[in-house]
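# Fold and geometry: a report
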Amino acid sequence: MQLGAIEAGGTKFVLGIGNEQGGEILEKIIIPTEHPDITVPKVIEFFQDKGIERLGLGGFGPIDINETSPTYGQLQRTPKTDWVNYPLGAKLKEALGVPVIIDTDVNVAAMSEAKWGGNATDVDSCLYITVGTGIGAGAYFHGQTLKGLSHSEMGHIKVRRHPDDTYSGTCPYHGDCLEGIAAGPSLERRWGKKGHELADDQKVWKMEAYYLAQALTSYIYILSPERIIMGGGVMKQEQLFPLIRKNVLEMLNGYVSSPYLTEKEIDQYIVPPGLTDEAGVKGALYLAMQ
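In short, a report on the structure. Note that the structure is a prediction, hence the values are computed from the model and not measured.

### Considering a nonpolar patch on the surface
Judged by side-chain polarity, Tyr221, Ile222 and Tyr255 come together as a nonpolar surface patch covering roughly 420 Å² of accessible area. Looking at where Ile222 falls in the secondary structure, it is placed in helix α6 (residues 202-223). Classification of Ile222 as exposed rests on a relative accessible area of 69%.

### Observations concerning the pattern of salt bridges
A complete count under the given rule lists 14 salt bridges for this structure. For Glu27, the salt bridge is made with Lys50, and the minimal N-O distance between the two is 3.3 Å. Remark: Lys50 occurs in the loop between α1 (36-47) and β4 (54-59) and Glu27 occurs in strand β3 (residues 25-32); sequence separation between them is 23 residues. Salt-bridge contacts for Lys42 lead to Glu34; the nearest nitrogen and oxygen are separated by 3.5 Å. Since its relative accessible area comes to 35%, Lys42 is described here as partly exposed. A single network of salt bridges, built from pairs that share partners, joins Lys158, Arg161, Asp165, Asp176 and Arg190.

### Side note on the environment of Lys93
Its place among the elements puts Lys93 in helix α2 (residues 88-96). Along the chain, Lys93 and Leu55 lie 38 residues apart, while their C-alpha atoms are 8.6 Å from each other. Setting aside chain neighbours within four positions, we find Lys93 in contact with Val98 and Val100.

### Points about the packing of aromatic side chains
Across all of its chains, the model carries eight aromatic pairs by this definition. Here Trp116 and Tyr286 contribute two aromatic rings whose centre-to-centre distance is 5.3 Å and whose plane-to-plane angle is 70 degrees, an arrangement assigned as edge-to-face. Here Trp116 is found in helix α3 (residues 105-117), whereas its partner Tyr286 is found in helix α8 (residues 279-289), with 170 residues between them in sequence. For Tyr286, a relative accessible area of 12% translates into the label buried. Each member of the aromatic cluster is reached from another via a ring pair, and the members are Phe13, Phe60, Trp83 and Tyr86. Across the ring face of Phe46, the terminal group of Lys50 is positioned such that the distance to the ring centre comes to 3.8 Å.

### Describing the pairing of strand β1 (residues 3-8)
With six of its six residues buried, β1 lies for the most part within the structure. With burial as the criterion, each face of β1 is covered, one bearing Leu3, Ala5 and Glu7 and the other bearing Gly4, Ile6 and Ala8. What sits between the antiparallel neighbours β1 and strand β2 (residues 12-18) is a turn of three residues. Two strands pair when backbone bridges link them, and β1 and β4 are joined in this way by six bridges, in the parallel orientation. Bridge pairing links Ala5 to Gly56 in β4.

### Points about the pairing of strand β9 (residues 228-231)
Where burial is concerned, the two faces of β9 agree: the one with Ile228 and Met230 and the one with Ile229 and Gly231 are both buried. Of the strand pairs in this sheet, strand β6 (residues 125-131) and β9 are connected by four bridges, and their pairing is parallel. Considered in β9, the bridge of Ile129 is made with Met230. Direction of pairing for β9 relative to strand β10 (residues 270-271): parallel, over a ladder of two bridges. Paired with Ile229 across the strands is Val271, a residue of β10. In this view, the connection linking β9 to its parallel neighbour β10 by way of helix α7 (residues 240-252) has right-handed handedness.

### Section: the packing of α3 against α8
Packing of α3 against α8 brings their axes to within 7 Å, and their N-to-C directions diverge by 85 degrees. Taken together, the axis directions place α3 and α8 in an arrangement best described as roughly perpendicular. In contact with Val108, Ala109, Met111, Ser112, Glu113, Lys115 and Trp116 of α3, α8 contributes Ala279, Gly280, Lys282, Gly283, Ala284, Tyr286, Leu287 and Met289. Tallied by class, the residues present in the contact of α3 with α8 amount to nine nonpolar, three polar and three charged.

### Considering the side chain of Asn247
The topology assignment puts Asn247 in helix α7. Of the polar contacts made by the side chain of Asn247, one reaches the backbone oxygen of Leu243; its length is 2.8 Å. Not counting residues within four places of it along the chain, the set of residues in contact with Asn247 comprises Ala209, Tyr210 and Ala213.

### A closer look at the side chain of Arg245
Relative to the helices and strands, Arg245 is located in helix α7. No salt bridge is formed by the buried Arg245. Its closest oppositely charged neighbour is Asp267, at 5.5 Å. Side-chain polar atoms of Arg245 contact the backbone oxygen of Ile270, separated by 2.7 Å. Apart from the residues lying within four places of it in its own chain, the contact partners of Arg245 are Ile266, Asp267, Ile270 and Val271.

Each value, and the rule that gives it
Residues numbered from 1 in each chain as written. Predicted model: local features only at pLDDT ≥ 70, side-chain atom pairs only at ≥ 80, totals over all residues. Heavy atoms only, no water. Patch = residues over 30% accessible without salt bridge, like charges linked within 9 Å, V, L, I, M, F, W, Y side chains within 5 Å. Areas by Shrake-Rupley, 256 points an atom, 1.4 Å probe, with all protein chains shown as cover. Salt bridge = Lys/Arg side-chain N within 4 Å of Asp/Glu carboxyl O. Helix = DSSP H or I, 4+ residues; strand = E, 2+ residues; numbered from the N terminus. Buried < 20%, exposed > 50% of the residue type's maximum accessible area, 1.4 Å probe, protein only. Contact = heavy atoms within 4.5 Å. Phe/Tyr/Trp six-rings, centres within 6.5 Å; stacked < 30°, edge-to-face > 60°. Lys NZ or Arg CZ within 6 Å of the ring centre and 35° of its normal. Pairing = 2+ DSSP bridges. Right-handed = clockwise from strand over helix to strand, strands pointing away. Axes fitted to C-alpha atoms, helices over the stretch in contact; angles between N-to-C directions. Parallel < 35°, antiparallel > 145°, perpendicular 65-115°, else oblique. Nonpolar A, V, L, I, M, F, W, Y, C, P; charged D, E, K, R; others polar. Polar contact = N/O pair within 3.5 Å; in protein donor to acceptor, adjacent residues only side chain to side chain. Lys, Arg positive; Asp, Glu negative; His and termini not counted.

Written as structure tokens, this is what we have:
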């Protein structure tokens with residue numbers, strides 16, 4: 001069976017064609033996330049005449065993932081304001097004439113890491129957090145992604161301000177929520193340079209790790225995942241991982257008892273994606289297989 005997969009992110013759409021044989025992506029292109037009137041026709045053009053029978057979509061949020069909802073697949077009050085109320089799922093289903101199965105981009109990334117990634121295939125639960133244009137996190141527990149009233153919005157939690165931080169935040173809804181002060185655009189606006197240009201500035205990454213570690217500590221308390229995977233453009237600054245791990249241990253202060261939450265094992269608990277940049281598109285492919 002030929003399957004289609006879309007990782008719809010805040011910066012780019014990753015489009016793939018694959019099959020049911022081990023999550024192999026046979027063809028892939030990347031297009032920028034622009035206004036939907038520009039991006040969606042390019043998406044449709046790619047998949048037309050490819051003979052796909054089902055399409056999996058991992059979308060940036062908030063997005064309606066309730067299959068019984070009349071607005072299933074519609075973007076909601078997303079910070080990407082051009083996309084608010086855009087019926088992405090319905091547009092793709094109508095144009096391509098195939099079932100479209102929808103979840104969040106971070107949920108499907110967590111799912112693919114658990115299925116194929118190597119860094120989470122040995123556990124029954126994991127959390128995937130992406131730190132890039134925005135911040136989002138998805139969870140996979142015992143064969144299912146985490147859903148409820150809607151999907152989780154872990155990137156918009158409040159965190160304590162760093163004592164040296166005077167930046168107001170970029171989130172149009174919450175100002176200085178986690179995404180508003182720790183996503184890629186926040187780094188650039190606070191420091192006046194893009195993240196890769198700040199690679200050698202330790203104060204930048206100490207502050208970033210302070211914020212991200214607070215979020216991870218909350219997720220550990222609330223969800224208790226057996227593995228945390230951190231991806232996205234900002235996490236390509238590999239110096240963040242040891243700083244985050246150190247901060248998490250200090251913030252937990254021994255309260256949660258687990259061999260993973262020790263200096264000896266923490267580097268096996270907070271890890272980069274095993275699927276590198278293909279976690280999202282492979283997760284969308286796996287979604288299409290369900």
